[in-house]
Amino acid sequence: EEVKDRLRQIVRETDYSEIVAMEQELMAEGMPVEEVQSMCDLHSQVTREVLVPPPAAPVPPGHPVDTFRRENQALGGVVLKMRRAMARLDGLPDEAPAPDDLMFEWRQAFNELMDIEKHYQRKEHTFFSAMERHGITGPSKVMWGKDDEVRQLLKELARALGQRDAAAGEWKLVAVTVADAALSAVEEMIYKEENILLPMCQDAFTEEDWAE
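Given the structure is predicted, the values throughout are model-derived calculations rather than measurements.

(A) Molecular detail of the overall build of the protein. On a plain count of helices and strands, the protein comes out with nine helices and zero strands. Moving toward the C terminus, one meets the helices and strands of the protein in the order α-α-α-α-α-α-α-α-α. Its C-alpha atoms put the protein at 55 × 45 × 30 Å along the principal axes. Here the protein, with 212 residues, has 41% of them falling under the buried criterion. Put simply, 78% of the contacts in the protein that link residues at least 6 apart link residues at least 24 apart. Accessible area for the protein stands at about 11,600 Å²; split by element, carbon and sulfur atoms hold 54% of it. Each charge sign in the protein was given a centre, from 24 positive and 42 negative side chains, and these centres are 4 Å apart.

Have a look at this one:
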């Protein structure tokens, strides 16, 4: 909160390019990628109030940017579905077992959410490789690390969903806590893709890059 207040006094508004330049400069000065990665969510939270995303440049249906935006909308819908199931679970009395219909709803939403792996794989192996050809290396390293954090949180959520035989009150606390962390990480990555990654790629990539 203190950093946010200082930033508001210093910076009226900024855009994605300055956040990217800041992280690249930190790494150029010798800060390990892992350390920048650990501060990545803080950077986006602190700058969120002053970040002015450029107007979304129109793209035709089927363009990679259009596909990514649609996938993020779908992922956001699945996150909401899981959060509704979490709220129902959290609202049950401590020792009350989770009803089967609620568990089915949660597992179904979780299975849909795991399609995120296809989204991340294509981002990492197509977008990031093209970015690096244009000399943009810092953001791809940091974002790839954040993708791996999301993957790890989703693995933990899968384990939590599989431990339903544990004491009901204890299990619910673990499941809701792990789910909240995983879903927050997914939402944070959606924000970063929409407001940093895609505008950056639209500015940097050539028509040949997109065609490839």
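On we go from here.
(B) Spotlight on the pattern of salt bridges. Applying the stated criterion to the full structure yields 17 salt bridges. The salt bridge involving Lys123 is made with Glu193; its shortest N-O contact spans 2.7 Å. In this pair, Lys123 sits in helix H6 (residues 116-133) while Glu193 sits in helix H8 (residues 168-204), placing the two residues 70 residues apart along the sequence. Since its relative accessible area comes to 1%, Glu193 is described here as buried.

(C) Just the nonpolar core, in detail. Trp106, Leu113 and Leu157 are the most contacted members of the largest nonpolar core, which has 47 residues in total. Elements supplying a minimum of two residues to this core: helix H2 (16-28), helix H4 (64-90), helix H5 (100-113), H6, helix H7 (138-161) and H8. No other element matches H8, which puts 15 residues into this core. Non-local contacts of Leu157, meaning those with residues more than four positions away in its chain, are made with Met82, Trp106, Phe110, Ala175, Val178, Ala179 and Ala182.

Cut-offs and rules
- Residues numbered from 1 in each chain as written.
- Predicted model: local features only at pLDDT ≥ 70, side-chain atom pairs only at ≥ 80, totals over all residues.
- Heavy atoms only, no water.
- Helix = DSSP H or I, 4+ residues; strand = E, 2+ residues; numbered from the N terminus.
- Buried < 20%, exposed > 50% of the residue type's maximum accessible area, 1.4 Å probe, protein only.
- Contact = heavy atoms within 4.5 Å.
- Areas by Shrake-Rupley, 256 points an atom, 1.4 Å probe, with all protein chains shown as cover.
- Lys, Arg positive; Asp, Glu negative; His and termini not counted.
- Charge placed at Lys NZ, Arg CZ, Asp CG, Glu CD.
- Salt bridge = Lys/Arg side-chain N within 4 Å of Asp/Glu carboxyl O.
- Core = buried A, V, L, I, M, F, W, Y, C linked by side-chain atoms within 4.5 Å.

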